[in-house]
Amino acid sequence: MPRYITVTSLLNKTKQRDPWFLDDYTINPFSGCAFNCLYCYIRGSKYGINMAEKLSVKENALAILRRQLAARARKQQQGFVVLSSATDAYLPLEEKEMLTRGILELLLEYRFPVHIITRSPLVLRDLDLLRQINEQALLPPDMASYRHKAMITFSFSTIDPVVGRQFEPGAPDPAQRLLALKSCANAGFMTGVSLMPLLPFISDRPEQLSRLYAAFYEHGARYVFPASITLWGEEAADSKQLVMQAVQQHYPQYAEQYRLLFSHNSQVPATYNTALKAAAAVAADRYGLFPQIPFE
């Protein structure tokens, strides 16, 4: 069962808009995450090994958010709100809590554009609100000519169901995500893929990238932004140790390569990253997919 907590703030203003996510603001309706991905960057914090055990619902979120959105709207400071940056806005408990839906209703009321980033097909429940936001939201001045005001990005590290169960054991099956992607594209939304994090040797080889990009293209994606994995920490609950253990268990042939890749840094070496970007660019060109959300 989740805990219920109170917060003093929900709407977070970013220092600089990210070129991939277009985030002027971020909102996280929940703390913790039931998807329990081994590579999650918030591991090693208070959430521990099983982040699902630390799930929290921000029970006063809507009252706090209304005040914050109203203050920004009075100053005509509407900008893209990303749901979410530190957890998923469509965790299984959202089906009952309806907190994310309440947040979308407030964003519609105060005319804020939104970018949903999720691993869950539950987002399809809220396409009615997202369609209204897409019609009525106000864009920031430097994006005034952009016609998309509600965007939906699905997160993947793989489309292989076996790899998915090994590295993101609580997340919806990749096949379900692909079908949800297609539904959003068919409904006319700007939609695509956050291909993060790719797993070295397991989901990031050129032939694997080609299969990934082909599947995304076939299901209506307009863009894909890829990035390799970052592994943090040395404690048992940290992403580095959990991923290394999973590689040793399921892919022992790559264990030494992982040890070498991450022996001195939390990120893959620059040469590896350069090769990955080049391979991803080839796949993107083949299927006509943009490396970021197209400005149109």
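Figured I'd write up the structure that's included with this text. Treat the numbers as computed from the prediction; the structure is a model and nothing was measured.

Reading the values: rules and limits
Residues numbered from 1 in each chain as written. Predicted model: local features only at pLDDT ≥ 70, side-chain atom pairs only at ≥ 80, totals over all residues. Heavy atoms only, no water. Axes fitted to C-alpha atoms, helices over the stretch in contact; angles between N-to-C directions. Helix = DSSP H or I, 4+ residues; strand = E, 2+ residues; numbered from the N terminus. Parallel < 35°, antiparallel > 145°, perpendicular 65-115°, else oblique. Left-handed = near helix turned anticlockwise from the far one by under 90°. Contact = heavy atoms within 4.5 Å. Buried < 20%, exposed > 50% of the residue type's maximum accessible area, 1.4 Å probe, protein only. Pairing = 2+ DSSP bridges. Right-handed = clockwise from strand over helix to strand, strands pointing away. Expected span 1.5 Å × (residues − 1). Core = buried A, V, L, I, M, F, W, Y, C linked by side-chain atoms within 4.5 Å. Polar contact = N/O pair within 3.5 Å; in protein donor to acceptor, adjacent residues only side chain to side chain. Salt bridge = Lys/Arg side-chain N within 4 Å of Asp/Glu carboxyl O.

Structural notes on the packing of helix 1 (residues 61-74) against helix 3 (residues 99-109)
Describing two packed helices takes the angle between their axes plus the distance from one axis to the other.
Line of reasoning, step 1. The interhelical angle for the contact between helix 1 and helix 3, taken along N-to-C directions, is 20°, at an axis separation of 10 Å. As far as their axial angle goes, helix 3 and helix 1 are roughly parallel. When you trace helix 1 past helix 3, the crossing you get is right-handed. Every residue of helix 3 that contacts helix 1 at Ala 61, Leu 62, Leu 65, Arg 66 and Leu 69 is listed here: Leu 99, Gly 102, Ile 103, Leu 106, Leu 107 and Glu 109.

Some remarks on the pairing of strand 10 (residues 224-228)
Line of reasoning, step 1. In terms of burial, strand 10 is a largely internal element, 4 of the 5 residues being buried.
Line of reasoning, step 2. Across 4 bridges, the pairing between strand 9 (residues 190-198) and strand 10 is parallel. Residue pairing across strands places Leu 198 opposite Ser 228, the latter belonging to strand 10.
Line of reasoning, step 3. Once the chain exits strand 9 it traverses helix 7 (residues 206-218) before rejoining the sheet at strand 10, and the crossover so formed is right-handed.

A short note on helix 7
Line of reasoning, step 1. Taking 1.5 Å of rise per residue, 13 residues should cover 18 Å, and helix 7 covers 18 Å from first to last C-alpha, within 8% of that figure.
Line of reasoning, step 2. Inspection of helix 7 places Gln 208, Leu 209, Ser 210, Leu 212, Tyr 213, Ala 214, Ala 215 and Phe 216 among the buried residues, and these make up the whole buried set.
Line of reasoning, step 3. Close packing links the buried residues of helix 7 with strand 8 (150-156), helix 6 (174-186), strand 9, strand 10 and helix 10 (270-287).

Brief notes about the nonpolar core
Line of reasoning, step 1. With 86 residues, the main nonpolar core has Leu 104, Leu 107, Leu 130, Phe 167, Leu 195, Phe 216 and Tyr 258 as its most contacted residues.
Line of reasoning, step 2. Residues contacting Leu 130, with those up to four places away along its chain left out, are Leu 104, Val 114, Ile 116, Val 123, Ala 150, Ile 152 and Phe 189.
Line of reasoning, step 3. One finds Leu 22, Ile 117, Phe 225 and Ala 227 within the second-largest nonpolar core, a separate group that totals 15 residues.

Topic: the sheet that holds strand 7 (residues 114-118)
Line of reasoning, step 1. Pairing is mixed in the open sheet, where 7 strands are placed in the order 2-3-6-7-8-9-10. At either end of the open sheet lies a strand with only one pairing partner, and these are strand 2 (12-13) and strand 10.
Line of reasoning, step 2. The pairing of strand 2 with strand 3 (residues 25-27) spans 2 bridges and is antiparallel. Residue pairing across strands places Lys 13 opposite Tyr 25, the latter belonging to strand 3.
Line of reasoning, step 3. Sitting on the sheet, helix 3 is in contact with strand 3, strand 6 (81-83) and strand 7, with an inclination near 170° to strand 6.

What to know about the side chain of Arg 119
Line of reasoning, step 1. For Arg 119, the location among the structural elements is in the loop between strand 7 and helix 4 (127-136).
Line of reasoning, step 2. Relative accessible area serves as the criterion here: at 11%, Arg 119 is assigned to the buried category.
Line of reasoning, step 3. Among the polar contacts listed, one links the side chain of Arg 119 to the side chain of Tyr 39, at a separation of 2.8 Å.
Line of reasoning, step 4. In contact with Arg 119, not counting residues within four places along its chain, are Phe 35, Cys 37, Tyr 39, Asp 88, Ser 155, Glu 168, Ala 171, Pro 172, Arg 177, Met 196 and Pro 197.

Let's talk about unusual backbone geometry
Line of reasoning, step 1. With an omega dihedral of 5°, the bond running from Leu 83 to Ser 84 counts as a cis peptide bond.
Line of reasoning, step 2. Mapped onto the elements of the fold, Ser 84 is located in the loop between strand 6 and helix 2 (94-97).
Line of reasoning, step 3. Positive phi outside glycine occurs at Gln 76, with the angle close to 55°.
Line of reasoning, step 4. Looking at the secondary structure, you find Gln 76 in the loop between helix 1 and strand 6.
Line of reasoning, step 5. A positive phi angle, near 65°, is found at Arg 111, a position not held by glycine.
Line of reasoning, step 6. In this fold, Arg 111 is placed in the loop between helix 3 and strand 7.

Brief notes about the sheet that holds strand 1 (residues 3-5)
Line of reasoning, step 1. Ordered in space as 1-5-4, the 3 strands form an open sheet in which the pairing is mixed. Across the chains shown, the open sheet's two edge strands, defined by having one partner strand only, are strand 1 and strand 4 (30-31).

So, the pattern of salt bridges
Line of reasoning, step 1. Across all of its chains, the model carries 12 salt bridges by this definition.
Line of reasoning, step 2. For Arg 101, the salt bridge identified is with Asp 126, shortest N-O distance 2.8 Å. On the criterion of sequence distance, the pair formed by Arg 101 in helix 3 and Asp 126 in the loop between strand 7 and helix 4 is long-range, its members being 25 residues apart.
Line of reasoning, step 3. One salt bridge in this structure joins Glu 168 and Arg 177, with 2.6 Å as the shortest N-O distance. Per residue, the accessibility class of Glu 168 equals that of Arg 177, and both read buried.
Line of reasoning, step 4. Here the residues in one salt-bridge network are Glu 94, Arg 101, Arg 125, Asp 126 and Asp 128, joined through shared partners.

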